[in-house]
Amino acid sequence: MDRDGAKPSDIYYTPGSAIATLLDGDRAPPRWQPVTEPCAGRGDIVRALQQRGHQCVCAIEIREEERVALETLLHPVSITIGDALSTPGPLLSVVTNPPFSLGAEFWRWSAGARYGAFLVRLNVLGSNTWSRAWDRRRPTFLRTLKQRPSFSGRGTDAAEYGWLGWRDSDAPMDFVIV
């Protein structure tokens, strides 16, 4: 995937039900910590964070055409149009639904944060690319989605999804890819 401009077929907006699985559970980011969304799209995750009391949210989106949608968010939010991977990583928290082909790269980019949550296909658990990313930051939680999300509004695919992430206060998950 070309980070300078995603194709329309590469854009999968995050369904509200998938976001709620994370934010309404016991693995939500702390409300007092600033949160970065490096793949903000039209702002679905940012909006859900704001609705749940997060006051300091940074939205980064590579596609200029999403600026108008991001500017309509509930209250002032830091909006950057550009490539998140070319900026310093987030300081405290990151919540994102990254492009599948760049997910491990975003994980490495976020590794210095105290909290991270990534909406991923569960097949990343067997991926060599992702296992190398975990050398920088081991996951501490996995919250699976009970129902397959529809990213297009036209049905679901055959993959299972979940929120994979870390909190500094948690012990790393103990699993090995062989």
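Residues numbered from 1 in each chain as written. Predicted model: local features only at pLDDT ≥ 70, side-chain atom pairs only at ≥ 80, totals over all residues. Heavy atoms only, no water.

### Some thoughts on the side chain of S93
Heads up, the rule is: Where helices and strands are cited, they refer to DSSP runs of H or I of at least four residues and of E of at least two residues respectively, numbered from the N terminus. Relative accessibility under 20% of the residue-type maximum defines a buried residue, over 50% an exposed one, and the middle range a partly exposed one, all with a 1.4 Å probe and only protein chains included. Between N or O atoms, a polar contact is any pair within 3.5 Å; within protein, one atom must be a potential hydrogen donor and the other a potential acceptor, and residues adjacent in sequence are included only when both atoms are from side chains. The contact criterion used is simple: two residues touch if any of their non-hydrogen atoms lie within 4.5 Å.
As for its position among the elements, S93 is in strand β4 (residues 93–96). On the basis of relative accessible area, S93 is assigned to the buried category, the value being 0%. A distance of 2.3 Å separates polar atoms of two side chains, one belonging to S93 and the other to Q33. Those residues in contact with S93 that lie beyond four places of it in its chain are P30, Q33, P34, V35, T36, A113 and Y115.

### Remarks on the pairing of strand β5 (residues 115–121)
The side chains of a regular strand alternate between the sheet's two faces. The test is simple: Only strands joined by at least two bridges in the DSSP assignment are considered to pair. When the strands point away from the viewer, a crossover counts as right-handed if the path from the first strand over the helix to the second runs clockwise.
Counting buried positions over the seven residues of β5 gives six, a clear majority of the element. Bridging between β4 and β5 involves four bridges; their strand directions are parallel. Looking at β5, one finds that T96 is bridged to F118. Following the chain from β4 across helix α4 (residues 103–110) to the adjacent parallel β5, one finds a crossover that is right-handed. Relative to strand β7 (residues 161–167), β5 is paired through seven bridges, and the arrangement is antiparallel. Its bridge partner lying in β7, R121 is registered against Y161.

### Focus on the sheet that holds strand β6 (residues 141–144)
For sheets, the rule is that strands pair by backbone hydrogen bonds, running either parallel or antiparallel. Keep this limit in mind: Convention adopted: a line fitted to C-alpha atoms gives each axis, helices being fitted over their contacting stretch, and angles between N-to-C directions are expressed from 0 to 180 degrees.
Within the open sheet, the seven strands sit side by side as β3-β2-β1-β4-β5-β7-β6. Their pairing is mixed. The sheet terminates laterally at β3 (78–81) and β6, the two strands that pair on one side only. Each strand axis lies, on average, 20° off the axis of its neighbour in the sheet, ignoring direction. Alignment of strand β2 (residues 57–61) against β3, held across four bridges, turns out to be parallel. The partner of C58 across the bridge, within β3, is S78.

### What to know about the confidence of the model for the protein
Note the threshold: Residue-level confidence of the predictor, termed pLDDT, takes values from 0 up to 100.
Taken as a whole, the protein shows an average pLDDT of 85; of its residues, 84% reach a score of 70 or greater. The low-confidence segment residues 1–6, where pLDDT is below 50, has 12 contacts with residues more than four positions distant or belonging to other chains.

### Focus: the state of the cysteines
Rules: Disulfide: a pair of cysteine sulfur atoms within 2.5 Å of each other.
Considering all chains together, one arrives at zero disulfides under this definition. This cysteine, C56, is not joined by any disulfide, and C58 carries the nearest cysteine sulfur, 8.1 Å off.

### Considerations on the environment of A48
Mapped onto the elements of the fold, A48 is located in helix α2 (residues 44–51). Once the C-alpha coordinates of A48 and A20 are considered, the two residues, 28 residues apart in sequence, prove to be 7.9 Å apart. With near-sequence residues (within four places) excluded, A48 lies in contact with I19 and L23.

### A closer look at the nonpolar core
Where we set the bar: Side-chain atoms within 4.5 Å link the members of a nonpolar core, which is a set of buried Ala, Val, Leu, Ile, Met, Phe, Trp, Tyr and Cys residues.
In terms of nonpolar packing, the biggest core is built from 24 residues, with L22, V95, A117 and W163 touching the most fellow members. Secondary structure elements with two or more residues in this core: α1 (16–23), α2, β2, β5 and β7. Within the second largest apolar cluster, 19 residues are counted, among which are I60, W107, W130 and A133.

### Structural notes on α1
Quick note on the threshold: To obtain the arc, one takes the directions from the helix axis to the C-beta atoms.
Restricting attention to buried positions, one finds in α1 the residues A18, I19, L22 and L23. Axial view of α1: buried residues confined to an arc of 125°, hence all on one face. The exposed residues of α1 that point more than 90 degrees off its buried face are G16 and S17. Packed against the buried residues of α1 are α2, β4, β5, β6 and β7.

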